[in-house]
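# Residue-level structural notes
Listed below, chain by chain, are the residues.
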Amino acid sequence: MPELTSEERAVLSGEQGSDGQRMAMQVVAETARMLGAARLIPIVSGHIDGCLYHGDSGVLYCERLAEAGARVSVPTTTNVGALNLLKPDQIRVPPGRREMAGRLMTAHTRMGCQPTWTCAPYQAGARPEKGAQIAWGESNAVAFANTVLGARTNRYGDFLDIACAITGRAPHYGLHQTENRRAILLLDLGGLSERLKRRDDFFPVLGALIGRLAGDAVCAVSGMPAATGEDQLKAMCAGAAATGAVALVHIIGVTPEAPDLESAFQGGVPDETIRVDAEMITATRRSLGRTAEGAIDCVALGSPHFSSLECRELLRLAAGRRFSVPVYVCTGRHTLAEIEDNGIEDALRACGVEFVVDTCVVVTPILPATGGVMMTNSAKFAHYALGNTGFEPAFGSLEECVDSAVAGSFVTRPEIWS
Amino acid sequence: MIWQGEALVAGTAEGPVLRLDGPISFWGGIDPQSARVTLGGHPQAGQVISNKILVVPNLIGSSSSSAVLLELLYREIAPRAFVLGQRDAILPIGAVVANQMNWNTVPMVLLADAPFATGDRISIDRDGRIEHAMANNG
């Protein structure tokens with residue numbers, strides 16, 4: 001058993017706090033025991049993936065916690081739910097399921113979570129600082145928090161994520177511990193052209209490659225352009241966390257704790273070094289979806305949720321043209337509020353964009369049941385499209401997605417990738 | 001012969017083994033409403049895991065696996081017990097939570113390189129000891 005403090009023991013025994021707190025402490029302590037963690041550590045932030053409906057049992061459990069007085073004790077954001085609360089009829093679900101999915105989301109707000117309903121909480125104000133111990137769910141958010149913010153979290157799963165937020169504690173194991181953050185594998189991008197590394201579609205492809213090469217190992221990446229933007233890092237982290245169980249990538253010069261290789265490897269040397277060449281990047285890109293010409297049925301953007309900057313870029317690329325197939329932009333209500341104010345929302349709707357807020361097209365039924373081809377600029381959407389929606393993925397840059405949406409068929413610029 | 005595993009979730013069980021020969025993530029790999037293996041191309045695709053002692057040498061951790069196990073337990077279509085080849089802290093949380101809800105829970109034992117094959121009958125005790133059961137026993 002982990003060694004608990006007197007306060008933790010008092011909560012676990014029910015002497016102190018509500019019954020909901022006792023239940024949550026039991027989940028955290030039992031997990032620590034199963035992992036062999038020596039103790040629990042205090043955390044300062046939570047992000048809850050457990051608000052997505054998987055069945056009635058999870059709803060009943062979260063409602064029980066809320067009724068038993070469980071409240072989050074640290075600032076906590078929510079990941080996507082199964083509903084667009086701002087536009088309920090967008091989701092094709094039977095009424096019973098819709099009600100339960102809504103009850104699950106409500107239980108989380110009752111427990112004091114901020115109703116952000118976004119897989120990009122780090123762009124909705126949740127920015128824990130370097131070294132902060134946090135307990136986040138949602139694989140892309142975990143990878144972003146560790147890699148870009150330098151905060152420390154493992155991939156927290158359903159029920160444990162909310163239990164950590166309620167108790168303000170997490171088992172002391174994995175990426176909470178400095179020694180486990182040491183990189184094992186080095187990916188050297190030095191051999192790739194600067195032109196390739198400036199393209200926005202390079203980053204999700206690189207992420208997918210990292211996930212496949214690293215699996216669940218911590219890796220380091222050298223040779224990343226210094227000017228890499230946050231949305232590009234977001235796309236890379238999401239790709240790596242979708243194709244592999246990646247939770248931390250030391251991007252030399254970007255990751256706060258990895259200003260140089262020596263820091264990433266904590267004074268040691270890589271077990272293995274892989275020199276990434278253009279052929280590996282091209283092959284990975286091709287594996288993400290169809291590359292042949294042909295009709296497309298829709299375009300899905302925003303995995304992770306689109307930022308205001310990405311919405312602005314989409315509008316610029318559309319250049320006043322109208323889309324001939326549905327273009328779904330998945331985003332958070334924080335972003336929607338911003339682009340409502342500056343007129344971008346209306347302009348994008350005029351082009352034919354349909355906004356999907358609080359949720360996204362691969363976690364809940366929004367796309368037509370007929371199936372077809374879904375084009376995307378997201379490695380994560382491409383990875384989950386077929387299994388979760390029945391749509392065959394096609395992958396391209398944002399520019400290619402826009403041109404294809406206008407044409408209604410797949411438009412590529414292969415010369416750039418040759 | 002007796003194999004000594006580590007009881008992640010303590011309990012007793014006896015029954016026929018179903019061994020999952022390929023890596024599997026419970027989320028996306030098992031349908032929580034039918035307990036069927038739905039992962040395309042998996043050696044046990046189409047089989048139902050209910051009521052079996054499920055031997056899982058290679059578990060892929062998915063953060064929603066605990067929710068899938070909880071749903072199986074709530075619907076009373078879960079396996080009788082699990083023998084896991086790797087330490088995992090997500091799947092067992094489903095059993096911890098089911099216990100808090102007073103739903104039936106299942107023993108989970110950690111044992112690397114478990115030699116049990118589909119069709120064997122085995123028994124598990126509270127301390128994580130596993131042995132072959134008599135053919136007509138239970």
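Everything below is about the structure shown above.
Residues numbered from 1 in each chain as written. Chains lettered and ligands numbered in written order. Predicted model: local features only at pLDDT ≥ 70, side-chain atom pairs only at ≥ 80, totals over all residues. Heavy atoms only, no water.

## Digging into the side chain of S123(B)
Position of S123(B) relative to the elements: it lies in strand 7 (residues 121-124). Not counting chain neighbours up to four residues away, the residues in contact with S123(B) comprise A13(B), E14(B), R129(B), I130(B), E131(B) and A133(B). (Helix = DSSP H or I, 4+ residues; strand = E, 2+ residues; numbered from the N terminus. Contact = heavy atoms within 4.5 Å.)

## Points about the sheet that holds strand 14 (residues 391-395) of chain A
Strands pair in a sheet through their backbones, by hydrogen bonds, and they do so in one of two ways: parallel or antiparallel. All names here are of chain A. What the 5 strands build is an open sheet, ordered 12-11-10-13-14; its pairing is parallel. Taken across any chain shown, the strands that pair with only one partner, and hence form the sheet edges, are strand 12 (353-357) and strand 14. The mean inter-strand angle of the sheet, taken between neighbouring strand axes irrespective of direction, is 30°. Across 5 bridges, strand 11 (residues 327-331) lies against strand 12 in parallel orientation. Paired with V327 across the bridge in strand 12 is V353. Running over the sheet, helix 13 (residues 333-341) touches strand 10 (298-306), strand 11 and strand 12 and is turned about 140° from strand 12. (Pairing = 2+ DSSP bridges. Axes fitted to C-alpha atoms, helices over the stretch in contact; angles between N-to-C directions.)

## Comments concerning helix 5 (residues 139-149) of chain A
Residues and elements named next belong to chain A. Within helix 5, 11 of the 11 residues are buried, which leaves it mostly tucked inside the rest of the structure. Buried within helix 5 we find S139, N140, A141, V142, A143, F144, A145, N146, T147, V148 and L149. Looking at the buried residues of helix 5, the elements they touch are strand 2 (46-48), strand 4 (135-136), helix 9 (230-243), strand 8 (249-251), strand 10 and helix 15 (379-389). Looking at the residues trailing helix 5, positive phi occurs at G150, about 80°. (Buried < 20%, exposed > 50% of the residue type's maximum accessible area, 1.4 Å probe, protein only.)

## With respect to the packing of helix 9 of chain A against helix 15 of chain A
Residue and element names in this part refer to chain A. Running from N to C, helix 9 and helix 15 point in directions that differ by 30°, and their axes come no closer than 7 Å. Counting all contacts with helix 9, which are made through A238, G239, A242 and T243, the residues of helix 15 involved are A379, K380, H383 and Y384. Split into classes, the residues belonging to the contact of helix 9 with helix 15 amount to 4 nonpolar, 3 polar and 1 charged. (Nonpolar A, V, L, I, M, F, W, Y, C, P; charged D, E, K, R; others polar.)

## A word on the sheet that holds strand 6 (residues 185-188) of chain A
All names here are of chain A. Pairing in this open sheet of 4 strands is parallel, and the strands run 8-7-6-9 from one edge to the other. Strand pairing shows two members of the sheet lacking a second neighbour, strand 8 and strand 9 (272-275), which therefore form its edges. Across the sheet, the mean angle from the axis of one strand to that of its neighbour is 20°, orientation sign disregarded. Across 4 bridges, the pairing between strand 6 and strand 7 (residues 219-222) is parallel. Along strand 7, the bridge assignment pairs L185 with C219.

## Points about the packing of aromatic side chains
Enumeration according to the criterion identifies 7 aromatic pairs over all chains in this entry. When the centroid spacing of 5.2 Å and the interplanar angle of 80° are considered together, the rings of F202(A) and F203(A) count as edge-to-face. The pair F202(A) / F203(A) is uniform in exposure class, with both members buried. Between Y384(A) and W27(B) the ring centres are 6.3 Å apart and the planes differ by 70°, which places this aromatic pair in the edge-to-face class. Here Y384(A) is found in helix 15, whereas its partner W27(B) is found in the loop between strand 3 (13-19) and strand 4 (53-56) on a different chain. For W27(B), a relative accessible area of 28% gives the class partly exposed. (Phe/Tyr/Trp six-rings, centres within 6.5 Å; stacked < 30°, edge-to-face > 60°.)

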